[in-house]
Amino acid sequence: MSAAPEYELDEQYNYPVPPAGGWTADDLDRLPNLPRRTELIDGSLVFLSPQTTFHMRTMRLLENALLDQVSDELDVFREFSIKLNKRNRPEPDVLVVPIGADTGPKSTYLKPEDVILAVEVVSEDSEERDREVKPRKYAGAGVPHYWRVEENDGLPVVYVYELDPALKAYVPTGIHHNRLKLTVPFDIDIDLTAINRRRRAGD
């Protein structure tokens, strides 16, 4: 049985060949023709697979709820990268940052010290990255809060973590089914069963 893939790329397709030592975070702004969502993990480019409907609807639910409920001093970003260091520039699905954290309309990434919360919605191809690799890197860079979202029977389950600054590691603080209600890092109350609702409450 052949191990060859069942698809073929155009003969003119050029794979990006990494330089010695791998790509850097700044290379993501210079490399031509990268897929719209490309991350850098340990100097390697990671091309993200197309989103599932669960992934899209979960991001929409969290983004809308956070925008509605966080204070006026905070902002919510979606699918925006964090430059953790020279060799790592992941792109969380949802982020909460202070107002003014971006450096202008042409900014393409955030600094880790400006991120209050990073959220990753787990996909089949991102399980190891979202469960192990990214939390370790976010914690090492000092991002104080991390949520990992998994699918269970079509509904989101939110695993909540808080940074132990002495250990530079996350400590789990809860697993939330059906409802996400927290007071840290801000007051938030989200009906997780509303994932398939097309409009926000009150609209």
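Quick caveat, the model's predicted, so the values are computed rather than measured.

S.K.: Please set out the packing of aromatic side chains residue by residue, giving values where relevant.
M.R.: Within this structure, the stated rule accounts for five aromatic pairs. A centroid spacing of 5.3 Å and a plane angle of 90° characterise the contact between phenylalanine 77 and phenylalanine 80, whose relative ring orientation is edge-to-face. Residues tyrosine 146 and tyrosine 170 carry aromatic rings whose centres are separated by 5.7 Å and whose planes lie at 20° to one another, so their mutual orientation is stacked. Of this pair, tyrosine 146 sits in strand E8 (residues 145-152) while tyrosine 170 sits in strand E10 (residues 169-177), placing them 24 residues apart in sequence. Under the relative-accessibility criterion, tyrosine 146 is labelled buried at 1%. Positioned above the aromatic ring of tyrosine 159, the side-chain terminus of arginine 148 is 4.2 Å from the ring centre.

S.K.: Which residues make up the nonpolar core, and what values go with them?
M.R.: Counting residues in each nonpolar core, the largest one holds 26 residues, and the members touching the most others are Leu66, Trp147, Leu180, Phe186 and Ile190. Within the residue set of this core, elements represented by two or more residues are helix H1 (53-69), strand E3 (74-78), strand E5 (94-98), strand E7 (117-121), E8, strand E9 (155-164), strand E11 (179-182) and strand E12 (188-191). For this core, the element with the most residues is H1, which contributes six residues. Those residues in contact with tryptophan 147 that sit more than four places away from it in its chain are Leu66, Leu117, Ala118, Val119, Glu120, Val158, Tyr159, Val160, Leu180, Leu182 and Ile188.

S.K.: Which residues make up the pairing of E7, and what values go with them?
M.R.: Among the five residues that make up E7, five are buried, leaving the element largely enclosed by the rest of the structure. Residues Leu117, Val119 and Val121 line one face of E7 and the alternating positions Ala118 and Glu120 line the opposite face, and both faces are buried. Bridge count between E5 and E7: three bridges; the pairing is antiparallel. Note on E7: the bridge partner recorded for valine 94 is valine 119. In terms of strand pairing, E7 meets E8 through five bridges, oriented parallel. In the strand pairing of E8, glutamate 120 is matched with arginine 148. With respect to chirality, the unit in which E7 leads through helix H2 (residues 127-140) into the neighbouring parallel E8 is right-handed.

S.K.: Outline the pattern of salt bridges, supporting the account with residue identities and numerical values.
M.R.: Oppositely charged side chains can pair when the atoms bearing their charge come close. Considering all chains together, one arrives at 18 salt bridges under this definition. In this structure, aspartate 26 and lysine 83 form a salt bridge, with 2.9 Å as the shortest nitrogen-oxygen distance. Pair noted here: aspartate 26 is in the segment before strand E1 (38-41) and lysine 83 is in the loop between strand E4 (81-82) and E5, with a separation of 57 residues, a long-range link. For aspartate 26, a relative accessible area of 31% puts it in the partly exposed group. On the basis of relative accessible area, lysine 83 is assigned to the partly exposed category, the value being 23%. For the salt bridge of arginine 89 with aspartate 29, the shortest nitrogen-to-oxygen distance reads 3.2 Å. Of this pair, arginine 89 sits in the loop between E4 and E5 while aspartate 29 sits in the segment before E1, and the two are 60 residues apart along the sequence.

Quick notes on the rules
- Residues numbered from 1 in each chain as written.
- Predicted model: local features only at pLDDT ≥ 70, side-chain atom pairs only at ≥ 80, totals over all residues.
- Heavy atoms only, no water.
- Phe/Tyr/Trp six-rings, centres within 6.5 Å; stacked < 30°, edge-to-face > 60°.
- Helix = DSSP H or I, 4+ residues; strand = E, 2+ residues; numbered from the N terminus.
- Buried < 20%, exposed > 50% of the residue type's maximum accessible area, 1.4 Å probe, protein only.
- Lys NZ or Arg CZ within 6 Å of the ring centre and 35° of its normal.
- Core = buried A, V, L, I, M, F, W, Y, C linked by side-chain atoms within 4.5 Å.
- Contact = heavy atoms within 4.5 Å.
- Pairing = 2+ DSSP bridges.
- Right-handed = clockwise from strand over helix to strand, strands pointing away.
- Salt bridge = Lys/Arg side-chain N within 4 Å of Asp/Glu carboxyl O.

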